[in-house]
Amino acid sequence: LPVDLAEDRFLAFLPYTDIDGAERVGRRIAAAVRSCEPVHAGEHVYRMSVSVGIAALKPGGPVGFAKIMRDASMAVRAAQLKGGGRVVVKR
């Protein structure tokens, strides 16, 4: 279930996917973006990249949207700091 969060961010809810499966999905998304041709605009060449952050609710734990969003944001930020095309899982 994709959700548009901001101009440059989206969220994908994977309600029936465990964290390892979500990581595989994230890696497939990163690979697909890496395979895109660069965009040429005048003298500039832009290569697409994506940073993927993954977070999950713990089985039997409390369900909190704010916590999952906070964890996912932290994972995305960690992926961004490592450089484009990274996938970080908050376990």
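Use the structure listed above.
Residues numbered from 1 in each chain as written. Predicted model: local features only at pLDDT ≥ 70, side-chain atom pairs only at ≥ 80, totals over all residues. Heavy atoms only, no water.

### Focus on the packing of aromatic side chains
- What the rule picks out here adds up to 1 aromatic pair.
- Geometrically, the ring pair formed by Phe13 and Phe65 is tilted, given 6.2 Å between the ring centres and 35° between the ring planes. Residue Phe13 is found in the loop between strand S2 (9–12) and helix H1 (19–34), and its partner Phe65 is found in helix H2 (residues 65–82); the two are separated by 52 residues along the sequence. (Phe/Tyr/Trp six-rings, centres within 6.5 Å; stacked < 30°, edge-to-face > 60°. Helix = DSSP H or I, 4+ residues; strand = E, 2+ residues; numbered from the N terminus.)

### Focus on a nonpolar patch on the surface
- On the surface, Leu1, Val3, Leu5, Phe13 and Phe65 cluster together into a nonpolar patch covering about 480 Å² of accessible area.
- Taking the relative accessible area as the measure of exposure, Phe65 reaches 53% and is therefore exposed. (Patch = residues over 30% accessible without salt bridge, like charges linked within 9 Å, V, L, I, M, F, W, Y side chains within 5 Å. Areas by Shrake-Rupley, 256 points an atom, 1.4 Å probe, with all protein chains shown as cover. Salt bridge = Lys/Arg side-chain N within 4 Å of Asp/Glu carboxyl O. Buried < 20%, exposed > 50% of the residue type's maximum accessible area, 1.4 Å probe, protein only.)

### Concerning the pattern of salt bridges
- Overall, the coordinates contain 4 salt bridges when judged by the stated rule.
- Put simply, Arg91 and Asp20 hold a salt bridge, and the shortest N to O gap is 3.4 Å. Here Asp20 lies in helix H1 and Arg91 lies in the segment after strand S6 (87–90), a separation of 71 residues in the sequence.
- When the shortest N-O distance is used, the salt bridge between Lys67 and Asp71 registers 2.8 Å. Separated by 4 residues within a single helix, Lys67 and Asp71 lie in helix H2, roughly one turn from each other.
- You can call Asp71 buried: its relative accessible area is 9%.
- Among the ionic contacts, a cluster of salt bridges with common partners joins Asp20, Glu23, Arg27 and Arg91.

### As for H1
- Under the 1.5 Å per step criterion, the end-to-end length of H1 is 22 Å for 16 residues, consistent within 8% with the ideal 22 Å.
- Listing the buried residues of H1 in full gives Gly21, Ala22, Glu23, Gly26, Ala30 and Val33. (Expected span 1.5 Å × (residues − 1).)

### Points about the pairing of strand S1 (residues 2–6)
- Sheet topology places S1 next to S2; 4 bridges connect them, and they run antiparallel. Within S2, the position partnered with Val3 by the bridge is Leu11.
- Between the antiparallel neighbours S1 and S2 lie 2 residues. (Pairing = 2+ DSSP bridges.)

Without other data, these values stay purely geometric and don't point to any function.
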